[in-house]
Amino acid sequence: MKKAVIESAGRAAVIDVPDPEPRQNWVVVEVKVAPMCTEYKGFVSGAGGSNLGHEASGVVAAVAQPGRVQVGDRVVVMPQYPCGRCDLCVSGEYIHCESIVDFSSFTEGGEGRATMAQYLLKHDWLLPVIPEGVSLEHGAMACCGLGPSFGAFEGMGVDAFHTVLITGLGPVGLGAVINARHRGARVLAVDSNPWRAARALELGAEEVFAPGEQVLTELRHRT
Ligand SMILES: [Zn+2]
Ligand SMILES: [Zn+2]
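The rules behind the values
- Residues numbered from 1 in each chain as written.
- Chains lettered and ligands numbered in written order.
- Predicted model: local features only at pLDDT ≥ 70, side-chain atom pairs only at ≥ 80, totals over all residues.
- Helix = DSSP H or I, 4+ residues; strand = E, 2+ residues; numbered from the N terminus.
- Buried ≥ 20, exposed ≤ 12 C-beta atoms within 10 Å, placed from the backbone.
- Contact = placed C-beta atoms within 7 Å.
- Pairing = 2+ DSSP bridges.
- Expected span 1.5 Å × (residues − 1).
- Axes fitted to C-alpha atoms, helices over the stretch in contact; angles between N-to-C directions.
- Parallel < 35°, antiparallel > 145°, perpendicular 65-115°, else oblique.
- Left-handed = near helix turned anticlockwise from the far one by under 90°.
- Nonpolar A, V, L, I, M, F, W, Y, C, P; charged D, E, K, R; others polar.
- Core = buried A, V, L, I, M, F, W, Y, C linked by C-beta atoms within 7 Å.

With that out of the way, let us pick up the environment of Ala140. Within the secondary structure layout, Ala140 lies in helix H4 (residues 136–140). Judged by local crowding, Ala140 falls into the buried class, with 24 C-beta atoms found within 10 Å. Along the chain, Ala140 and Met78 lie 62 residues apart, while their C-alpha atoms are 9.2 Å from each other. For Ala140, the residues in contact, after removing those within four places along its chain, are Val33, Pro35, Glu55, Ala56, Ser57 and Val76.

This paragraph deals with the pairing of strand E5 (residues 74–77). Side chains Arg74 and Val76 project from E5 onto one buried face, and the interleaved Val75 and Val77 project onto a second face that is buried too. Inspection of the sheet shows strand E4 (residues 56–62) paired to E5 by four bridges, in the antiparallel sense. Directly across from Ser57, in E5, lies its bridge partner Val76.

Before going further, it helps to spend a moment on helix H6 (residues 171–182). Relative to the 16 Å expected for twelve residues at 1.5 Å per residue, H6 spans 16 Å between its end C-alpha atoms, a close match to the ideal helical length. Along H6, the positions that sit buried rather than exposed are Gly173, Leu174, Gly175, Ala176, Val177, Asn179 and Ala180. Buried residues belonging to H6 abut helix H5 (147–156), strand E7 (163–167), strand E8 (186–190) and helix H7 (194–202). Positive phi shows up at Gly184, right after H6, with a value of about 90 degrees.

Not every positive phi belongs to a glycine, and Gln24 is a case in point at roughly 45 degrees. Note that Gln24 resides in the loop between strand E2 (11–16) and strand E3 (26–33). Judged by the 12 C-beta atoms lying within 10 Å of it, Gln24 is exposed. Of note, Gln80 is a non-glycine position whose phi angle comes to about 70 degrees, a positive value.

A few words now on the sheet that holds E8. In spatial order, the strands read E7-E8-E9; together these three strands make up an open sheet with parallel pairing. Edge strands, defined here as strands with exactly one partner in the open sheet, are E7 and strand E9 (207–209). Neighbouring strand axes in the sheet, compared pairwise and without regard to direction, differ in orientation by 20 degrees on average. Pairing analysis gives three bridges linking E8 to E9, with the strands arranged parallel. The residue bridging Leu188 from the neighbouring strand is Glu207, located in E9.

For the pair H5 and H6, the least separation of the axes is 8 Å and the interaxial angle reads 45 degrees. In this view, H5 runs oblique relative to H6, as classed from their interaxial angle. Considering the relative orientation of H5 and H6, their crossing is right-handed. For the pair H5 and H6, contact is made by Pro148, Ser149, Phe150 and Phe153 and by Val172, Gly175, Ala176, Asn179 and Ala180, respectively. Grouping the constituent residues of the contact of H5 with H6 by class yields six nonpolar, three polar and no charged.

Let's shift gears to the pairing of E2. Burial runs low along E2: only zero of the six residues are buried. Sheet topology note: the strand E1 (residues 2–8)/E2 ladder contains six bridges and is antiparallel. The residue of E2 that forms the bridge with Lys3 is Ile15.

What follows deals with the nonpolar core. One broad rule of soluble globular proteins: the nonpolar side chains tend to lie buried together. With 31 residues, the main nonpolar core has Val29, Val75, Val76, Val77 and Leu120 as its most contacted residues. Going through the elements one at a time, E1, E3, E4, E5 and strand E6 (119–123) are the ones with two or more residues in this core. Here this core gets five residues from one element, more than from any other, and that element is E3. Every residue in contact with Val29, bar those within four places of it in the chain, is listed here: Gly58, Val59, Val60, Ala61, Val75, Val77, Tyr119, Leu120, Lys122 and Leu127. Leu169, Leu174, Ala189 and Ala200 belong to the second largest nonpolar core, which has 14 residues in total.

Below is the structure:
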């Protein structure tokens, strides 16, 4: 298969590597969408490395045994390789698992941990099936784009009686605008980038302030 690598600052390439093989409950997913997250900073600095990407959506391509997904399922690919057995994993907080599986020893040095590749390898329980009618592009946003603020707002119980202040309108911040508006909350945001501010307003933010503006004074006048 082919996968993307960063060779040096500002220089990337596509290389050929062996296809991953399914084993136990780890299945092979053909990657269809791989959002760019922290990898861009690695591209700029040259520190990106040879296993790029930690989020994706795709189609299950091969399984080693019957399990939670079948060949052909459209799935979200969740990040990391948590143990699946500790209290954090069992309670759903597997992103904080302290017993991450050693990918290299499990696969005996195999490929498949990058999402910016044609195929990857993942535990079947980290592959939620994308409902019909939801595109692979939107499914891929369930990881870093929409996931962090979805979890936070769920925990905080944000609803139509709340005003949410979102500072920073990168992909995670813009995802927070979507989640807050979906819950009916009023959204105020802060960012100095005009393009990002315009996207936030399109997505339903009431106001976007640039850092340094007299935000508190303005808000006091309004209320
Ligand atoms: Zn765990
Ligand atoms: Zn990410």
